[in-house]
Amino acid sequence: MKKSKNKLIRLLIAVCALALCLTAVPSTTYNVQAATKAQEKKALSLIKGTWYTQGGMPYPPRVVFSGKNVKMYQSRSNTYTRRKIDKITKTSYGYYFRIPLGGGHYYGYRLYSNNKNTLNCMGNGNPYSSSGYSGTSSLTRHKY
């Protein structure tokens, strides 16, 4: 009984020490802010028009942006899925556009200030996370 009580106390001390270490680590903060109306208008004007996926050769699917409305066409087809941009975030690299897919899943596109001809696909809804990156789902102005 005394042996198991000592093990329990050691385990409790270890858990408390771990919790203390986790809370002592400084959190990383990013410069993330919702775009103002003026920034939102500028960002939407930068992506307005037809974009093409970098994958799907020789007939890449296209995506058409018109305001916050998005039409995602299938390859070699006039069939499309209609989506809507629900959040535009002004970031240190440019803009991030979030498009909900339902069920807590998102398409996310990064528009870098130094390259306005490419929308990098970050499919997770987080402006500063690169998980969900897809080169073939990223968009370009040029049809290859």
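These remarks concern the structure in this document. (Residues numbered from 1 in each chain as written. Predicted model: local features only at pLDDT ≥ 70, side-chain atom pairs only at ≥ 80, totals over all residues. Heavy atoms only, no water.)

1. Description of helix α2 (residues 37–47)
Next up, step 1: The complete set of buried residues in α2 reads E40, A43, L44 and I47. End-on, the buried residues of α2 take up no more than an arc of 95 degrees, which puts them together on one face. Turned more than 90 degrees away from the buried face of α2 sit A38 and K41, all of them exposed.
Next up, step 2: Where α2 is buried, its residues touch β2 (49–53), β3 (62–66), β6 (87–90), β7 (94–102), β8 (105–112) and β9 (115–122). (Buried < 20%, exposed > 50% of the residue type's maximum accessible area, 1.4 Å probe, protein only. Helix = DSSP H or I, 4+ residues; strand = E, 2+ residues; numbered from the N terminus. Arc of directions from axis to C-beta. Contact = heavy atoms within 4.5 Å.)

2. Structural notes on unusual backbone geometry
Next up, step 1: At R76, a residue that is not glycine, the phi angle is positive and equals roughly 55 degrees.
Next up, step 2: When you line up the elements, R76 lands in the loop between β4 (69–73) and β5 (80–84).
Next up, step 3: The exposed category is assigned to R76, whose relative accessible area is 65%.

3. Looking at the nonpolar core
Next up, step 1: I47, F65, I85, I88, F97 and L119 are the most contacted members of the largest nonpolar core, which has 19 residues in total.
Next up, step 2: Contributions of two or more residues to this core are made by α2, β3, β4, β7, β8 and β9.
Next up, step 3: Setting aside anything within four residues of it in sequence, one finds I47 in contact with F65, I85, F97, L111, L119 and R141. (Core = buried A, V, L, I, M, F, W, Y, C linked by side-chain atoms within 4.5 Å.)

4. A look at the pattern of salt bridges
Next up, step 1: Counted under the stated rule, the structure contains two salt bridges.
Next up, step 2: With its nearest N and O atoms 3.3 Å apart, the salt bridge here joins E40 to K68. One end of the pair, E40, is in helix α2; the other, K68, is in the loop between β3 and β4, with 28 residues separating them in the sequence.
Next up, step 3: K68 sits in the partly exposed class, given a relative accessible area of 27%.
Next up, step 4: For R98, the salt bridge is made with D86, and the minimal N-O distance between the two is 2.9 Å. One end of the pair, R98, is in strand β7; the other, D86, is in the loop between β5 and β6, and twelve residues separate them in sequence.
Next up, step 5: Judged by relative accessible area, R98 falls into the buried class, the value being 18%. (Salt bridge = Lys/Arg side-chain N within 4 Å of Asp/Glu carboxyl O.)

5. Quick word on the pairing of β7
Next up, step 1: Bridge analysis of β6 against β7 gives four bridges, and the strand direction is antiparallel. Across the sheet, residue I88 finds its bridge partner in β7, namely F97.
Next up, step 2: Connecting β6 to the antiparallel partner β7 that follows it, the hairpin turn spans three residues.
Next up, step 3: Sheet topology note: the β7/β8 ladder contains eight bridges and is antiparallel. Within β8, the position partnered with R98 by the bridge is G108.
Next up, step 4: Counting the residues between successive antiparallel strands, the hairpin from β7 to β8 contains two residues, one of them, G103, with a positive phi of roughly 65 degrees. (Pairing = 2+ DSSP bridges.)

6. Some details on the side chain of E40
Next up, step 1: By relative accessible area, which is 14% here, E40 ends up buried.
Next up, step 2: One polar contact links E40 to K68, side chain to side chain, over a distance of 3.3 Å.
Next up, step 3: Those residues in contact with E40 that sit more than four places away from it in its chain are A35, K68 and I88. (Polar contact = N/O pair within 3.5 Å; in protein donor to acceptor, adjacent residues only side chain to side chain.)

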